[in-house]
Amino acid sequence: FYIMESAEDQDSNSELGGDLDYLYAPYPGEKKGAQETYPTDVSYVKNGISNCEDMCPEEEVLKRIAENDVHKLEMSSNLRATMIKKFQRSSADHELQIPHLLRVPQALLRTITYIEDHIMSNVEPGDELLTYLFIWDRYRMVAKDFTLQISGAMRDEEVWVECHERMARWFVLMDHRMKANGKQHSLRIGRGHGE
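Worth saying up front: this structure is predicted, and the values here are computed from it rather than measured. (Residues numbered from 1 in each chain as written. Predicted model: local features only at pLDDT ≥ 70, side-chain atom pairs only at ≥ 80, totals over all residues. Heavy atoms only, no water.)

> Looking at this model, I keep getting lost on the pattern of salt bridges. Mind explaining?
If charged atoms from side chains of opposite charge come close, those side chains can pair. Evaluated as defined, the whole model comprises 12 salt bridges. One salt bridge in this structure joins glutamate 74 and arginine 64, with 2.4 Å as the shortest N-O distance. Taken together, the positions of glutamate 74 in the loop between α3 (58–66) and α4 (79–82) and arginine 64 in helix α3 put the pair 10 residues apart, joining distant regions of the chain. On the accessibility criterion, glutamate 74 (0% relative accessible area) is buried. Accessibility expressed as a relative area gives 3% for arginine 64, which makes it buried. Linked by salt bridges that have partners in common, Glu60, Arg64, Glu74, Asp137 and Arg138 make up one network. (Salt bridge = Lys/Arg side-chain N within 4 Å of Asp/Glu carboxyl O. Helix = DSSP H or I, 4+ residues; strand = E, 2+ residues; numbered from the N terminus. Buried < 20%, exposed > 50% of the residue type's maximum accessible area, 1.4 Å probe, protein only.)

Given below as structure tokens:
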């Protein structure tokens, strides 16, 4: 919030003999009606400020739990520790360049490490395509978070390069495996349905 006090307010405060609480106006670009309000001015992000340290922002965790939109591969007794930010598109009513929704580069690297250590290494027989589509979706959002904060992310070039190299290696490997197993057709169908 930023403080906005009109001349009339100043006069009424002085007439009452003391400082009253200031009138608060929403921060420019702030969404109205939200329980918690955060600045949504994209200039913050253009300056490289992102501040989500988790694999999935708290707001998305709560929303997806309420909507029963937790993926099979994210299920655990501690969803906050296993949920990963899902791919989303920006739209007129859905802004993605909000600092508390953008993961910092180190959080993006932790997300990739988690996927490699806990998702890729535990693929159950018959779940190869499901796992591929899950990782493909989450990696798209990792790349998008980097893109949305490119000036800030580029301050940590080593992390940016490491994340993109690790994602690229996985896509090449999976493309090879899918072609070798004749599952390329199934993969295209999954992508066509937005999975």
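> Quick question: what am I supposed to make of the confidence of the model for the protein here?
Should pLDDT be low for a region, the predicted coordinates there are not to be read in detail. Averaged over all residues, the pLDDT of the protein is 74; the fraction at 70 or higher stands at 64%. Note that pLDDT drops below 50 for residues 1–10; the model gives that stretch 20 contacts with residues more than four away or on any other chain. (pLDDT = per-residue confidence, 0-100. Contact = heavy atoms within 4.5 Å.)

> What exactly am I supposed to notice about the packing of helix α5 (residues 105–119) against helix α8 (residues 157–180) here?
For any two helices packed against each other, the geometry is given by the interaxial angle and the distance between the axes. It is at 9 Å that the axes of α5 and α8 come closest, and there the two elements cross at 25°. The angle between the axes of α5 and α8 places the two elements in the roughly parallel class. Viewed along their axes, α5 and α8 form a crossing whose handedness is left-handed. Residues Pro105, Gln106, Leu108, Leu109, Ile112, Thr113 and Glu116 of α5 lie in contact with α8, whose contacting residues are Val159, Glu162, Cys163, Arg166 and Met167. Taken together, the residues that form the contact of α5 with α8 break down as 7 nonpolar, 2 polar and 3 charged. (Axes fitted to C-alpha atoms, helices over the stretch in contact; angles between N-to-C directions. Parallel < 35°, antiparallel > 145°, perpendicular 65-115°, else oblique. Left-handed = near helix turned anticlockwise from the far one by under 90°. Nonpolar A, V, L, I, M, F, W, Y, C, P; charged D, E, K, R; others polar.)

> Looking at this structure, I do not really get the nonpolar core. What am I missing?
Across soluble globular proteins, nonpolar side chains have a tendency to be buried as a group. Counting 22 residues, the largest nonpolar core has Tyr132, Ile135 and Tyr139 as its most contacted members. Mapped by element, the contributors of at least two residues to this core are α5, α6 (128–148) and α8. (Core = buried A, V, L, I, M, F, W, Y, C linked by side-chain atoms within 4.5 Å.)

> Mind showing me how you'd approach the side chain of arginine 103 here?
Tracing the sequence through the fold places arginine 103 in the loop between α4 and α5. By relative accessible area, which is 0% here, arginine 103 ends up buried. A polar atom in the side chain of arginine 103 sits 3.0 Å from the backbone oxygen of methionine 55. In terms of polar contacts, arginine 103 uses its side chain to reach the side chain of aspartate 145, at 2.7 Å. With residues up to four places along the chain from it excluded, the contact list for arginine 103 reads Ser50, Cys52, Asp54, Met55, Ile84, Lys85, Leu108, Thr111, Met141, Val142, Asp145 and Gln149. (Polar contact = N/O pair within 3.5 Å; in protein donor to acceptor, adjacent residues only side chain to side chain.)

> Whenever I open this one, the environment of arginine 103 confuses me. Can you help?
Along the primary structure arginine 103 and aspartate 54 are separated by 49 residues, whereas in three dimensions their C-alpha atoms are 6.8 Å apart. At 3.5 Å, the side chain of arginine 103 forms a polar contact with the backbone oxygen of methionine 141.

> Can you help me understand the environment of lysine 72 in this one?
Here lysine 72 shows up in the loop between α3 and α4. Its relative accessible area of 48% is what places lysine 72 among the partly exposed residues. Taking the C-alpha atoms as reference, lysine 72 lies 9.5 Å from threonine 131; in sequence the two are 59 residues apart. The residues touching lysine 72, leaving out its near neighbours within four places in the chain, are Asp127 and Leu130. At a separation of 2.9 Å, a polar atom in the side chain of lysine 72 contacts the side chain of aspartate 127.

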